[in-house]
Amino acid sequence: MADKRMVEMELEQRMKLLNHAYITALQSQINPHFLYNTLETINFMAYDTYKGNNDISKITTSLSQMLSIGLDNENKIVSLRTELEYLKLYIQILNLRYPDLCEFELDIPSEAMSYKVVKLILQPIVENAFYHGIKPKMSMGKIKVSTIPDDNYFVIEISDNGVGISSEQLKIIEEILNNEMYLSSKHIGINNVNRRIKMTFGNEYGLNILSTQNVGTAFTIKLPKINE
């Protein structure tokens, strides 16, 4: 109990010290209000044109709901349950755009749903896995989101059976993840996630990656164990 309280106190102190403008910019790199309102207009026009539900309405509705969650800049830490709701909306969009290209599995025990995570960290990694792992494979693939038992940390794994990453490219990604001063337009999604986790919880937390070409890739997210 004392360790848990200490982690909570450290987290509270870190959140006070964070540069609010910087972390908000990392989390919202576009103007979501304009995009959200535009999507609502597209949805209305599609529904009116087709006189009922259609794929255009479905995809714009899912994206609008994602943006609605993203607009909430007050809550930068959410439950895993809330984070998975956002991820499921993204998966709905992928399934509409690329039917029968990827199977998604969410293997999360009920007791893990209440753990706290940094907001919007799963979707960028799943997106990376899909576009860089599964899509180039040109055949049915699979992305799995699961938790890994650990006595000291809360660990989430996102794995795929895609094309994998070359050893040279893997070294570049590892350098990006391990160097807090590394700024690059490459791998911006995973770098964004890693930076926000470290800024929020500390440098001992963040992303790790393992990959084998023609086998697949696995990202692990290490977080403190904090319940709602």
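Our subject is the structure listed above.
Overview of the structure. Note that this is a predicted model, so its numbers are computed, not measured.

A short note on the sheet that holds strand 2 (residues 102-107)
Two orientations exist for strands paired in a sheet by backbone hydrogen bonds: parallel and antiparallel. The strand order across the open sheet built from five strands is 2-4-5-7-6, with neighbouring strands paired in mixed fashion. Edge strands, defined here as strands with exactly one partner in the open sheet, are strand 2 and strand 6 (206-212). Geometrically, the sheet is characterised by an average inter-axis angle of 15° between neighbouring strands, direction not taken into account. Where strand 6 and strand 7 (residues 216-223) come together, seven bridges link them in antiparallel fashion. Bridge pairing links Leu207 to Ile221 in strand 7. The sheet strands contacting helix 5 (residues 80-97) are strand 2, strand 4 (141-148) and strand 5 (154-160), and the helix crosses strand 2 at an angle near 170°.

Observations concerning the pattern of salt bridges
Scanning all chains against the criterion turns up two salt bridges. Residue Lys142 is joined to Glu105 by a salt bridge in which the shortest nitrogen-to-oxygen separation is 2.6 Å. Linking Lys142 in strand 4 with Glu105 in strand 2, this pair joins segments that are 37 residues apart in sequence. A relative accessible area of 29% means that Lys142 is categorised as partly exposed. Notably, a salt bridge pairs Asp107 with Lys144, separated by 3.8 Å at the nearest N-O pair.

Thoughts on the nonpolar core
Membership of the largest hydrophobic core comes to 51 residues, with the highest contact counts inside it found for Ile156, Ile197 and Ile221. Ranked by the residues each element gives to this core, the list is headed by helix 5, at nine residues. Not counting chain neighbours up to four residues away, the residues in contact with Ile156 comprise Leu80, Val117, Leu122, Val145, Ser146, Thr147, Phe219, Thr220, Ile221 and Leu223.

A closer look at unusual backbone geometry
Here the phi dihedral of Asp100 falls at roughly 65°; this positive angle occurs in a residue that is not glycine. As for its position among the elements, Asp100 is in the loop between helix 5 and strand 2. In this model, Asn214 sits at a positive phi of 65°, which is unusual for a non-glycine residue. The residue Asn214 is located in the loop between strand 6 and strand 7 in this model. Assessed through its relative accessible area of 71%, Asn214 is described here as exposed.

Points about the environment of Asn95
Its location among the elements puts Asn95 in helix 5. Apart from the residues lying within four places of it in its own chain, the contact partners of Asn95 are Cys102 and Phe104.

Overview of the environment of Thr61
Tracing the chain through its elements places Thr61 in helix 4 (residues 55-70). The class of Thr61 is partly exposed, set by a relative accessible area of 30%. Spatially, the C-alpha atom of Thr61 lies 9.5 Å from that of Ile42, the residues being 19 residues apart in sequence.

Remarks on the packing of helix 7 (residues 167-178) against helix 8 (residues 188-201)
Where helix 7 contacts helix 8, the two axes come as close as 9 Å, and the packing angle between them is 30°. As the angle between them shows, helix 7 and helix 8 are arranged roughly parallel. Crossing of helix 7 against helix 8: the hand is right-handed. For the pair helix 7 and helix 8, contact is made by Ile173, Ile176 and Leu177 and by Ile190, Asn191, Asn194, Arg195 and Lys198, respectively. Of the residues that constitute the contact of helix 7 with helix 8, the class distribution is four nonpolar, two polar and two charged.

Quick look at helix 8
Given 3.6 residues to a turn, an α-helix orients residues that are three or four positions apart in the same direction. With 14 residues, helix 8 extends 20 Å from end C-alpha to end C-alpha; this agrees with the ideal 20 Å at 1.5 Å per step. The buried fraction of helix 8 amounts to twelve of the 14 residues, a majority that puts the element mostly inside the structure. Taken together, the buried positions of helix 8 are occupied by Ile190, Asn191, Asn192, Val193, Asn194, Arg195, Arg196, Ile197, Lys198, Met199, Thr200 and Phe201. Looking one or two places after helix 8, you find Gly202, whose phi comes out positive at around 120°.

Brief notes about the side chain of Arg196
Looking at the secondary structure, you find Arg196 in helix 8. It turns out Arg196 is buried and unbridged, and the closest side chain with the opposite charge, Glu83, is 6.9 Å from it. There is a polar contact of 2.6 Å between the side chain of Arg196 and the backbone oxygen of Leu120. Of note is the side chain of Arg196, whose polar atom sits 2.6 Å from the side chain of Asn192.

About the cut-offs
- Residues numbered from 1 in each chain as written.
- Predicted model: local features only at pLDDT ≥ 70, side-chain atom pairs only at ≥ 80, totals over all residues.
- Heavy atoms only, no water.
- Pairing = 2+ DSSP bridges.
- Helix = DSSP H or I, 4+ residues; strand = E, 2+ residues; numbered from the N terminus.
- Axes fitted to C-alpha atoms, helices over the stretch in contact; angles between N-to-C directions.
- Contact = heavy atoms within 4.5 Å.
- Salt bridge = Lys/Arg side-chain N within 4 Å of Asp/Glu carboxyl O.
- Buried < 20%, exposed > 50% of the residue type's maximum accessible area, 1.4 Å probe, protein only.
- Core = buried A, V, L, I, M, F, W, Y, C linked by side-chain atoms within 4.5 Å.
- Parallel < 35°, antiparallel > 145°, perpendicular 65-115°, else oblique.
- Left-handed = near helix turned anticlockwise from the far one by under 90°.
- Nonpolar A, V, L, I, M, F, W, Y, C, P; charged D, E, K, R; others polar.
- Expected span 1.5 Å × (residues − 1).
- Lys, Arg positive; Asp, Glu negative; His and termini not counted.
- Polar contact = N/O pair within 3.5 Å; in protein donor to acceptor, adjacent residues only side chain to side chain.

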